[in-house]
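# Structural description and commentary
As a plain string of letters, each chain reads:
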Amino acid sequence: MRFADIIGNADVAKALANMADSGRVAHAMLMYENEGCGALALALAYVQYLNCSNPVDGDSCGECPSCRQMAKLIHPDVHFVFPVNKGPKSSDDKPTSESYLSYWRELAMADPYFTESDLQKAIGIESRNGLIAVAEAKNIINRLSLTAVGDGYKAVIFYLPEKMNQETANRLLKMVEEPPVNTLFIFITHAPEKVLQTIFSRCQSIRVMPLSKEEAAKVKAMKPGDDREEYNLFMDIFSDLMNSIVSRDLMGALECGETIASLESREKQKAFCNFAGDCIRKIFMVQQNMKHIAALEPQEEEFFLGVAEKCGNNFCMRTIANIEKVVSLIDRNVNSKILFCDLVNRMFLSV
Ligand SMILES: [Zn+2]
């Protein structure tokens, strides 16, 4: 991945290139992005640039041996850590990122803008929460204590540090504080408030900005797979739900709650919550006479304009807060039927 291949966040790319050029390479960096905005792509381009043997005009060459290894995500000095769990694609009893590395590579090469739920699907743990366990810290410490294969930087790209527990963080802490020479940690988070403070406080943080409408469309066009299928399913559920709510049909709304609770995995339920949150924001923008930035698709207009008119002033703010609460409770394994029944009921009452 070269900086030139990245969609959006040109300022961040420039800042990273400058950091590399000036030799002020932070040994621990935390990139905060809204899911799917390209933090991983930026991290990959940055490490590729740092290790490129023939950089040109503030970007890697894409052709030297190091760049070629980076393109296939097989650079021997670049390590990846991401949340995993037991699943049918690994026979390991205590799996680590290593157990699923080939799936990670395949996914990240096809689509470096993947989401957490894409990752879960790729490694076959859709129905389980991914975690970063202490075995992962041991692996990293072992690998970083080996001499670098190349003469450039060793890097650990750590996807979703918010999924690591205290024990893992404690193990890693010393390494993050005082890494071996020419070694860097890049943490990519979607929820900086959940990253353990001990790690967070030792990182230089970088905000990866949300993509513009055009940039997001480019990313979407590049993605493989069945995005549209999921959009159609979620939109059907969401529009049924909102139509029931505004027509004061409580039974209909509760049925929609059951449908959401029966989505096949917690990740899918969270994906629906994110989708519903985006939809509520669209309603809010329409209500605020900001339809031009609501990014409505043509076929959505009638629906969103209709419901925006029928929802009260506080509905959107309250509902977004309620949805965020549900997402955090899904992570804590609260019974999803109860959660979504309660959410729908609250939406019904606050409309
Ligand atoms: Zn190169």
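Preceding block: the structure.
Just so it is clear, the model here is predicted, and its values are computed rather than measured.

## Overview of the pattern of salt bridges
All chains considered together, the criterion is met by 16 salt bridges. Of the charged contacts in the structure, one is a salt bridge between glutamate 177 and arginine 202, with a shortest N-O distance of 2.6 Å. Note that glutamate 177 is positioned in helix H7 (residues 166–177) and arginine 202 in the loop between helix H8 (197–200) and strand E5 (204–207), a separation of 25 residues in sequence. Note on glutamate 177: relative accessible area 33%, which makes it partly exposed.

## Brief notes about the sheet that holds strand E2 (residues 78–81)
Within the open sheet, the five strands sit side by side as E2-E3-E4-E1-E5. Their pairing is parallel. Strands at the two margins of the open sheet, each flanked by one partner only, are E2 and E5. Averaged over all pairs of adjacent strands, the angle between their axes in this sheet comes to 20 degrees, without regard to strand direction. Relative to strand E3 (residues 154–159), E2 runs parallel, the two sharing four bridges. Within the sheet, the bridge partner assigned to phenylalanine 80 lies in E3 and is isoleucine 157. On the sheet, helix H6 (residues 134–144) packs against E2, E3 and strand E4 (183–189) and is oriented at approximately 175 degrees with respect to E2.

## A look at helix H14 (residues 315–331)
Given 3.6 residues per turn, any residue in an α-helix points the same way as the ones three and four places further on. Helix length check: H14 (17 residues) gives 25 Å between terminal C-alpha atoms against 24 Å at 1.5 Å per residue, within 8%. Among the residues making up H14, those that are buried are Phe315, Cys316, Thr319, Ile320, Asn322, Ile323, Val326, Val327 and Ile330. Mapping the buried residues of H14 onto a view down its axis gives an arc of 165 degrees, with all of them on the same face. Directly after H14, the chain includes asparagine 333, whose backbone phi takes a positive value near 65 degrees.

## A word on the coordination of the zinc ion
Distances from the zinc ion to its protein donors, namely Cys52 (SG), Cys61 (SG), Cys64 (SG) and Cys67 (SG), fall within the range 2.3 Å. Classification of the site at the zinc ion rests on its four donor atoms, whose angles at the metal span 102 to 118 degrees, yielding the label tetrahedral. Site description for the zinc ion: donor spacing in sequence, C-x8-C-x2-C-x2-C. There is no split in this pair, since cysteine 61 and cysteine 64 are both buried.

## Topic: the side chain of serine 336
Note that serine 336 resides in helix H15 (residues 336–350). When its relative accessible area of 19% is taken as the criterion, serine 336 is described as buried. Aside from chain neighbours lying at most four places away, what touches serine 336 is Ala261 and Gln269.

## Some words on the environment of glutamate 300
Relative to the helices and strands, glutamate 300 resides in the loop between helix H12 (266–287) and helix H13 (301–310). Residue contacts for glutamate 300: discarding those within four places in its chain leaves Tyr231, Met235, Lys282 and Ala295.

## Some details on the side chain of asparagine 129
Looking at the secondary structure, you find asparagine 129 in the loop between helix H5 (116–122) and H6. Residue contacts for asparagine 129: discarding those within four places in its chain leaves Val84, Asn85, Gln120, Arg266, Glu267, Lys270, Asp331 and Asn333.

## Some words on the nonpolar core
With 53 residues, the main nonpolar core has Leu16, Met31 and Tyr46 as its most contacted residues. Of all elements in the fold, only helix H1 (10–22), strand E1 (28–32), helix H2 (39–51), E2, helix H4 (101–110), H5, E3 and E4 reach the threshold of two or more residues within this core. No other element matches H2, which puts eleven residues into this core. In this structure, Phe275, Val286, Ala308 and Phe340 belong to the second largest nonpolar core, which totals 43 residues.

Cut-offs applied
- Residues numbered from 1 in each chain as written.
- Predicted model: local features only at pLDDT ≥ 70, side-chain atom pairs only at ≥ 80, totals over all residues.
- Heavy atoms only, no water.
- Salt bridge = Lys/Arg side-chain N within 4 Å of Asp/Glu carboxyl O.
- Helix = DSSP H or I, 4+ residues; strand = E, 2+ residues; numbered from the N terminus.
- Buried < 20%, exposed > 50% of the residue type's maximum accessible area, 1.4 Å probe, protein only.
- Pairing = 2+ DSSP bridges.
- Axes fitted to C-alpha atoms, helices over the stretch in contact; angles between N-to-C directions.
- Contact = heavy atoms within 4.5 Å.
- Expected span 1.5 Å × (residues − 1).
- Arc of directions from axis to C-beta.
- Donors = N, O, S within 2.8 Å, 3.2 Å for Na, K, Ca; no water.
- Tetrahedral: all angles 85-135°; square planar, octahedral: opposite > 155°, others 65-115°.
- Core = buried A, V, L, I, M, F, W, Y, C linked by side-chain atoms within 4.5 Å.

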